[in-house]
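Given next are the chains, with one letter for each unit.
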Amino acid sequence: MGTYARQNLVFERGEGVWLITVDGDRYLDLGSGVAVNVLGHAHPRLVAALNEQASKLWHTSNLYRVEGQERLAERLVATTFADKVFFCNSGAEACEAAIKAARRYHFAGGEPERWRIITFSGAFHGRTLATIAAGGNPRYLEGFGTPVAGFDQVPFGDLTATEKAISPETAAIMIEPVQGEGGVNVASAEFMQGLRALCDANGLLLVLDEVQCGIGRSGQLFSYELAGITPDLMAIAKGIGGGFPLGALLATENAARGLVPGTHGSTFGGNPLATAIGLEVLNAVQEEGFLESVRRKSLHIKQSLAAISDNYPGIVQEVRGQGLLVGLKLSVPPADLVAAAREEHLLLVGASDNVVRLLPPLNITDEEIAEAMQRLERALDRVAEART
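Residues numbered from 1 in each chain as written. Predicted model: local features only at pLDDT ≥ 70, side-chain atom pairs only at ≥ 80, totals over all residues. Heavy atoms only, no water.

## Side note on the packing of helix 3 (residues 67–79) against helix 10 (residues 272–285)
- Close contact between helix 3 and helix 10 brings their axes to 8 Å; oriented N to C, the two are set at 30°. Regarding the angle of helix 3 to helix 10, the classification is roughly parallel. Of the two elements, helix 3 crosses helix 10, and the hand of that crossing is left-handed. Only Thr275, Gly278, Leu279, Leu282 and Asn283 of helix 10 make contact with helix 3, whose side of the interface consists of Gly68, Gln69, Arg71, Leu72, Arg75 and Leu76.
- In terms of residue class, the contact of helix 3 with helix 10 is built from 4 nonpolar, 5 polar and 2 charged. (Axes fitted to C-alpha atoms, helices over the stretch in contact; angles between N-to-C directions. Helix = DSSP H or I, 4+ residues; strand = E, 2+ residues; numbered from the N terminus. Parallel < 35°, antiparallel > 145°, perpendicular 65-115°, else oblique. Left-handed = near helix turned anticlockwise from the far one by under 90°. Contact = heavy atoms within 4.5 Å. Nonpolar A, V, L, I, M, F, W, Y, C, P; charged D, E, K, R; others polar.)

Below you can see the structure in the form of structure tokens.
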């Protein structure tokens, strides 16, 4: 339908961090399908899990128990704050479920007037009518009529403004610990702790959107661990499926009290194929030493980028991010660097606030990092030459 400004590349297959076109050209992928392919392309364990499940059962719907769904839910509950899990197919659906759960929570508690949710500038929670209203970006809202009501947006990182926005109608505070689409803006631990305290003091739910920063990308299984807090509700997707459509809403027992039979659902959510892969992704990411390696590689990349940025002061303004969700704040249009990198067979992803994202698979090797940095430097040379 022309809703995407697609790059003129057609990939036939993938091998780890590499994508190969139909013509045989190899590209180093630091986009990972926009933070999705946490184990790279065609990972043998994921291929095996998918093939094994595909030969047995694809879909039954949620009219019946789904064994793989129960196993994955048990793992998520065992390794997070959550007591309950609702499965869906995407990040937008997971965020939509979080919004509904937050509102329904207060309805079930006898306070139906509490339905508004505080969100933050720069947020991106998805493309549904409710989630674009939650994000508040005028570019995404234009042309779709009056925005869905019930969202009060405040500046990202401003605890005073957040507190002032709380009213008798407020139900929850919803935030991405790291804003990916918004420009790789990282919420400080102090700010996250402040939000938790505000929610506790005012009877609000703290809702986290870890669709992009979750499943090991932060260097922990989930970013909230770095702040030393726990949420009441959390939306996840992207990485949990390793490339297969899978999302989930995680909740405490208390926060889930409003979602009783008939209040929410999904035909495909948590189907046997998706949950078989999700379980194998967790198996890999939670293996001993894996997250430690993510933290080490994150430091390696940031040190390399710091040195590179010193050589291009007129182009690179700042290196920002958390774990392997890294952003380069530029003084030139992000599309310029993305295009130049593509000429070097390096794939990057743009973001708001004049930022280019580096989102490599979490199992990228040191040698591949070194190769990526060399290609990035050559791409920056191209941008510098074009400006002279």
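## Examining the sheet that holds strand 2 (residues 18–21)
- With mixed pairing, 4 strands are arranged side by side in an open sheet as 1-2-3-15. Of all strands in the sheet, those with a lone pairing partner are strand 1 (11–15) and strand 15 (346–347), marking the two edges.
- When strand 1 meets strand 2, the two strands line up antiparallel, connected through 4 bridges. Looking at strand 2, one finds that Glu15 is bridged to Trp18. (Pairing = 2+ DSSP bridges.)

## Quick word on empty space enclosed by the protein
- Enumeration according to the criterion identifies 1 cavity of 30 Å³ or more in this entry.
- For the largest cavity, the calculated volume is near 30 Å³.
- Along its surface, the largest cavity is lined by Ala123, Phe124, His125, Gly126, Thr131, Ile132, Gly135, Asn137 and Tyr140.
- Here the element with the most residues in the lining of the largest cavity is helix 5 (residues 129–135); it accounts for 3 residues.
- Among the residues forming the lining of the largest cavity, the class breakdown is 4 nonpolar, 5 polar and no charged. (1 Å grid on protein atoms, 1.4 Å probe; cavity = no way out; pocket = protein on both sides within 12 Å on 5 of 7 lines; lining within 4 Å. Points joined across faces, edges and corners; volume = space filled by probe spheres on them.)

## A closer look at the packing of helix 2 (residues 44–54) against helix 10
- Axis separation between helix 2 and helix 10 bottoms out at 9 Å; the angle between their running directions is 150°. When the axes of helix 2 and helix 10 are compared, the pair comes out roughly antiparallel. Crossing of helix 2 against helix 10: the hand is right-handed. Here helix 2 contributes Arg45, Leu46, Ala49, Leu50, Gln53 and Ala54 to the contact with helix 10, which in turn contributes Pro272, Leu273, Ala276, Ile277, Glu280, Val281, Asn283 and Ala284.
- Grouping the amino acids of the contact of helix 2 with helix 10 by side-chain chemistry returns 10 nonpolar, 2 polar and 2 charged.

## Brief notes about helix 8 (residues 189–202)
- Given a rise of 1.5 Å per residue, 14 residues ought to cover 20 Å, and the 20 Å separating the end C-alpha atoms of helix 8 matches this to within 8%.
- Listing the buried residues of helix 8 in full gives Phe191, Met192, Gly194, Leu195, Arg196, Leu198 and Cys199.
- In this fold, the buried residues of helix 8 make contact with strand 5 (116–120), helix 7 (159–165), strand 7 (170–175), strand 10 (205–209) and helix 9 (224–227).
- Trailing helix 8 by a residue or two, Gly203 shows a phi angle of about 70°, which is positive. (Expected span 1.5 Å × (residues − 1). Buried < 20%, exposed > 50% of the residue type's maximum accessible area, 1.4 Å probe, protein only.)

Function-wise, these values are silent; they only describe arrangement.
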